[in-house]
Amino acid sequence: MSERIDRLVHWVTTIAIVVLAPLALRREFRGGEVVTEAAVNQSQPDSIPGWEKAREFSLALGNPSGEIEIIVAGDIECPACRSTHHSIKKHVELDPASHRVDYLHFPLRQHRLAIPAAAFVECARESGRGQDALDKLYDQQDSLGIQEWEDLARAVGVPKPRLIRQCMSREEVLERVMKARTLGEQLGVRFTPTIFVNGWRLPRVPSHADLAELIAWVKTGKRPRLEDSDKSSVAVSGGGGAR
């Protein structure tokens, strides 16, 4: 009897996630879909007022008081986001005391599992396993939708993994994801991943080497500048950095 009840709960919560996630997405996307995964070919980094609001809705990684704060607006199904996630992790590992990384959910309409994956991370976050969950989903991005959420929850150490789907279908969890998505729009996110460094929004995705060079210039307080929109080289011009 217990096994039958478990199976029934499994399917009910799965259906709830599938039904509620698109409803939340439609509610938050009244202004129309924003973009794709590809980096938009714009010109230079720009300073974004109110970027600090991301701290309220994001998953904080690294040192909370680090002098360099990197905000990544990403979609867990986005291949470019996976590459950027690993690149930023490698960079932060070189000097963890100086860096804070804020992961801001920005699920795209075309990705069926983007919202459930974000909800999974939020549920894992409630038990202090948010970073582990984010790493796990990016590492196993190609098998999303194949592996059971319960197995993934168990792998990252979420207590009571058999209840993970119930958590993922909770309205407040989905609202947290979509509030992060809405804030991303307000901050001018137009593609995933979009990266902010101390309030400077990058017009495209930098390479690992470019990110290191850009951060070095941000530490000087000068305005970062990309030399060529067709390359990822980073230069700098005089001026005040974002605060």
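The rules behind each value
- Residues numbered from 1 in each chain as written.
- Predicted model: local features only at pLDDT ≥ 70, side-chain atom pairs only at ≥ 80, totals over all residues.
- Heavy atoms only, no water.
- pLDDT = per-residue confidence, 0-100.
- Contact = heavy atoms within 4.5 Å.
- Phe/Tyr/Trp six-rings, centres within 6.5 Å; stacked < 30°, edge-to-face > 60°.
- Helix = DSSP H or I, 4+ residues; strand = E, 2+ residues; numbered from the N terminus.
- Buried < 20%, exposed > 50% of the residue type's maximum accessible area, 1.4 Å probe, protein only.
- Core = buried A, V, L, I, M, F, W, Y, C linked by side-chain atoms within 4.5 Å.
- Axes fitted to C-alpha atoms, helices over the stretch in contact; angles between N-to-C directions.
- Parallel < 35°, antiparallel > 145°, perpendicular 65-115°, else oblique.
- Left-handed = near helix turned anticlockwise from the far one by under 90°.
- Nonpolar A, V, L, I, M, F, W, Y, C, P; charged D, E, K, R; others polar.

Section: the confidence of the model for the protein
Okay, step 1: For the protein, mean pLDDT is 81; residues scoring 70 or higher make up 75% of the total.
Okay, step 2: The low-confidence segment residues 22-41, where pLDDT is below 50, has 50 contacts with residues more than four positions distant or belonging to other chains.
Okay, step 3: Low pLDDT (under 50) marks residues 231-243, which in the prediction has 43 contacts with non-local residues, meaning those over four places away or in another chain.

A few points about the packing of aromatic side chains
Here a ring pair, both rings aromatic, is described through the centre-centre distance and the interplanar angle of the planes.
Okay, step 1: Considering all chains together, one arrives at 2 aromatic pairs under this definition.
Okay, step 2: With 6.3 Å between their ring centres and 80° between their planes, Tyr 103 and Tyr 138 make a pair best called edge-to-face. Separated by 35 residues along the polypeptide, Tyr 103 in strand E4 (residues 99-105) and Tyr 138 in helix H5 (residues 130-139) bring together distant segments of the chain.
Okay, step 3: A relative accessible area of 3% means that Tyr 103 is categorised as buried.
Okay, step 4: Classification of Tyr 138 by relative accessible area gives buried; the value is 1%.
Okay, step 5: Residues Phe 120 and Trp 149 carry aromatic rings whose centres are separated by 5.4 Å and whose planes lie at 35° to one another, so their mutual orientation is tilted.

Looking at the nonpolar core
Okay, step 1: Residues Ile 70, Ile 76, Phe 120, Leu 137, Trp 149 and Val 197 are the most contacted members of the largest nonpolar core, which totals 46 residues.
Okay, step 2: The dominant element in this core, judged by the number of residues it contributes, is helix H4 (residues 114-126), at 8 residues.
Okay, step 3: In this structure, Ala 73, Leu 104, Val 189 and Phe 196 belong to the second largest nonpolar core, which totals 13 residues.

Overview of the packing of H4 against H5
Okay, step 1: One way to put it is that H4 packs onto H5 with a least axis distance of 7 Å and a crossing angle of 150°. Compared by their axis directions, H4 and H5 come out roughly antiparallel. For the element pair H4 and H5, the recorded crossing hand is right-handed. Every residue of H5 that contacts H4 at Ala 117, Phe 120, Val 121, Ala 124 and Arg 125 is listed here: Gly 130, Ala 133, Leu 134 and Leu 137.
Okay, step 2: A per-class count over the contact of H4 with H5 returns 7 nonpolar, 1 polar and 1 charged.

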